[in-house]
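Inside the fold
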Amino acid sequence: MRHILLLSFVVLLNGCISCDSLRGELEVKNYSDSVIYVYHSCSDSLELGHKLNLFETRSGVTDASGRIRQDSIYSPKYRIDAYDYMNIVVCGPYWEPRLCCDNDTLYLFFIKESVMRTMGWGEICEKQQYEQRVVLTEEQLNKSGWSFVYYPKGAKR
């Protein structure tokens, strides 16, 4: 019986060590009256390979009785409502986050919802249709406590 309890404890502990909740994060707050989409990259421009969608869909979701429902539509994690926030997973544990970029620089691109609604991702990338681009270094993020606040252009802080 002791061996079973010990083994259960080890399995539980091992599972918790690899939990997503222990990963480092950058908190991005939206201090605007509008929904924004946040694209993050180690590159200084929007790229086709890491596509953002207006909404996400999940098909084939079943209900409690096992019947397939229609597709579920939901907001992606990179969409931030007005005066809300999101977290971007970074490298390192939560007590010592670090950037995953080789140059220790992260680029945040803030895209208006109206742009996401009216343009395809290819056109957004081709024309670099973002509202703001912010360059953050690991040193800046360490000083800010791994938090960044988005203010719309021209807003008083």
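Because the structure is predicted, anything quoted here is derived from the model rather than measured.

The next thing to look at is the state of the cysteines. Considering all chains together, one arrives at 2 disulfides under this definition. Each disulfide pairs two cysteine sulfurs, and for C42 the partner residue is C101, the sulfurs being separated by 2.0 Å. With the S-S dihedral at roughly -80°, the linkage between C42 and C101 falls on the left-handed side. Taken as a pair, C42 in the loop between β2 (36-41) and β3 (56-58) and C101 in the loop between β6 (85-93) and β7 (105-112) lie far apart in primary sequence, 59 residues in all. On the basis of relative accessibility, which here comes to 39%, the residue C42 falls in the partly exposed class. Each sulfur of the disulfide joining C91 and C100 lies 2.0 Å from the other. As the torsion about the S-S bond is roughly 120°, the C91-C100 disulfide counts as right-handed.

Here the focus is the packing of aromatic side chains. Enumeration according to the criterion identifies 8 aromatic pairs in this entry. With a centroid separation of 5.6 Å and an interplanar angle of 85°, the aromatic rings of Y31 and Y151 are classed as edge-to-face. Taken together, the positions of Y31 in the loop between β1 (23-30) and β2 and Y151 in the segment after β9 (147-150) put the pair 120 residues apart, joining distant regions of the chain. One aromatic cluster is present, built from ring pairs that chain together Y39, F109, W121 and Y130.

Let us look at unusual backbone geometry. In this structure, D104 is a non-glycine residue whose phi angle is positive, near 55°. Following the sequence through the fold, D104 ends up in the loop between β6 and β7. Since its relative accessible area comes to 38%, D104 is described here as partly exposed. A positive phi angle, near 60°, is found at W146, a position not held by glycine. Examined against the element boundaries, W146 turns out to sit in the loop between α4 (138-144) and β9.

With that settled, consider the sheet that holds β6. Taken together, the 3 strands give an open sheet; going across it, the order is β6-β1-β9, and neighbouring strands pair in mixed fashion. Among the strands making up the open sheet, the edge pair consists of β6 and β9. Across this sheet, the average inter-strand angle for adjacent strands is 20°, counted without regard to direction. As judged from the 6 bridges shared by β1 and β6, these two strands associate in the antiparallel manner. Bridging across to β6, K29 finds its partner in Y85.

Cut-offs applied
- Residues numbered from 1 in each chain as written.
- Predicted model: local features only at pLDDT ≥ 70, side-chain atom pairs only at ≥ 80, totals over all residues.
- Heavy atoms only, no water.
- Disulfide = S-S within 2.5 Å.
- Helix = DSSP H or I, 4+ residues; strand = E, 2+ residues; numbered from the N terminus.
- Buried < 20%, exposed > 50% of the residue type's maximum accessible area, 1.4 Å probe, protein only.
- Phe/Tyr/Trp six-rings, centres within 6.5 Å; stacked < 30°, edge-to-face > 60°.
- Pairing = 2+ DSSP bridges.
- Axes fitted to C-alpha atoms, helices over the stretch in contact; angles between N-to-C directions.

So far we have only geometry, and geometry alone does not tell us how the molecule works.
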